[in-house]
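Residues per chain are reported as follows:
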Amino acid sequence: MSGHSKWANIQHRKGRQDAKRGKIFTKAAKEIIIAAKTGGDPDSNSRLRAAIAAAKAVNLPKDKIEGAIRKGTGEDAGGDLTETFYEGYGPGGIAVMVEVATDNKNRTVAEVRHLFSKHGGSMGENGSVGWMFDRKGVISIEKNAYPEDKIMEAALEAGADDVIDDEDEWTIHTAMTDFTAVRDALEAAGIAMQSAELAMVPQNLVAVDSDMGQKVLRLMDALDDNDDVQNVYANVDFPDDMPTD
């Protein structure tokens, strides 16, 4: 189970994902803006193709996608964003990666550092935990919506690295270069995706008990609530019976 996937499942059970739909759209648009800085043609920009695919997976409207591309290429104002990762440690020494897109790095790093400290963690140096994660495509599909062999066949034939049984969903991992091809193959097979994104996937997970898990969850939620934070990743294995309220 990917720590990021399990955290997303917990958020869904708490009703947070629906409540934060506006921010989900904002995150998707920011990723397109950053990706388009190196070129606005998705045919020659694999990251932009992936960002557009992820945006479509969360139903970002077409005009918003096109507007974000124009901002990224500089055709429209509003694309002055810097992408960076902040690294640190959560409660229990859990490794945490924070992906941000900001127009004010000084403000953002101060806010992120404060949140780590407030919730029992600490900021680390650049590279302190990044080596524990790999950048991959991550696609989730409702567990009982389709036969297992249909998902396996479509994903693996299109180049997916792995299809993982994540409790009530299937999680598909791909190389960044294969992300769009796998997503397109699933779509062509009539398989609806709950989410499709580029993510930092931990190489190994660290199991925590319920008390420690709740502390880590509070840190991840607080970081995710920051307007400049795009994604939060941790190498944590939450216990199945952990309360989420």
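Model, not experiment: these values are computed from the prediction.

Asks: If you had to explain the nonpolar core to someone new, which residues and values would you point to?
Replies: Val96, Val98, Leu223 and Val236 are the most contacted members of the largest nonpolar core, which totals 22 residues. Looking at this core, the elements with two or more residues in it are strand S2 (95-102), helix H6 (105-118), helix H9 (210-225) and strand S9 (229-234). The greatest single-element share of this core, amounting to 6 residues, is contributed by H9. Within the second largest apolar cluster, 19 residues are counted, among which are Ile139, Ala154, Trp170 and Ala196.

Asks: Can you explain the pairing of S9? Please cite residues and give values.
Replies: In terms of residue burial, S9 counts as a mostly covered element, since 6 of its 6 residues are buried. Relative to S9, S2 runs antiparallel, the two being bridged by 5 bridges. When the sheet's bridge partners are listed, valine 96 is paired in S9 with alanine 234.

Asks: Residues and numbers for the sheet that holds S2, please.
Replies: The sheet built from 4 strands is open, its strands ordered S3-S1-S2-S9 with antiparallel pairing. Two strands bound the open sheet, and with one partner strand each, they are strand S3 (122-123) and S9. Strand contacts of H6: strand S1 (82-89), S2 and S3, with the helix running at about 20 degrees to S1, the strand carrying the most contacts.

Asks: Can you break down the UniProt feature "domain: TACO1/YebC-like second and third" (unreviewed entry) in the chain residue by residue, with the values?
Replies: The residues that UniProt annotates with the feature "domain: TACO1/YebC-like second and third" (unreviewed entry) are residues 82-236. With 32% helix and 36% strand, the stretch residues 82-236 has end C-alpha atoms that lie 27 Å from each other.

Asks: Residues and numbers for the domain arrangement of the chain, please.
Replies: When the parts come together, some accessible area is lost, and that loss is often what is quoted as the size of the interface. Taken domain by domain, the chain consists of domain 1 (11-73), domain 2 (82-124 + 205-237) and domain 3 (132-202). Computed from C-alpha atoms alone, the centre-to-centre distance between domain 1 and domain 2 is 22 Å. At the interface, 10 residues of domain 1 touch 14 residues of domain 2. Counting each side, the surface lost to burial between domain 1 and domain 2 is near 970 Å², with a carbon and sulfur contribution of 30%. Contact with domain 2 buries surface across domain 1, with Lys23, Lys27 and Lys30 losing the most and accounting together for 48% of the total. Linking domain 1 with domain 2 are 2 salt bridges, by the criterion used here. We note a salt bridge from glutamate 83 to arginine 47, for which the minimum N-O separation is 2.4 Å. With 5 residues, helix H3 (residues 21-36) is the largest single contributor of residues to the side of domain 1 that touches domain 2. The residue inventory of the side of domain 1 that touches domain 2, partitioned by class, reads 1 nonpolar, 1 polar and 8 charged.

Parameters at a glance
Residues numbered from 1 in each chain as written. Predicted model: local features only at pLDDT ≥ 70, side-chain atom pairs only at ≥ 80, totals over all residues. Heavy atoms only, no water. Core = buried A, V, L, I, M, F, W, Y, C linked by side-chain atoms within 4.5 Å. Buried < 20%, exposed > 50% of the residue type's maximum accessible area, 1.4 Å probe, protein only. Helix = DSSP H or I, 4+ residues; strand = E, 2+ residues; numbered from the N terminus. Pairing = 2+ DSSP bridges. Contact = heavy atoms within 4.5 Å. Axes fitted to C-alpha atoms, helices over the stretch in contact; angles between N-to-C directions. UniProt positions renumbered as here; feature names shortened; annotations may be inferred. Domains from an automatic or database assignment. Buried area = accessible area lost by both parts, 1.4 Å probe. Salt bridge = Lys/Arg side-chain N within 4 Å of Asp/Glu carboxyl O. Nonpolar A, V, L, I, M, F, W, Y, C, P; charged D, E, K, R; others polar.

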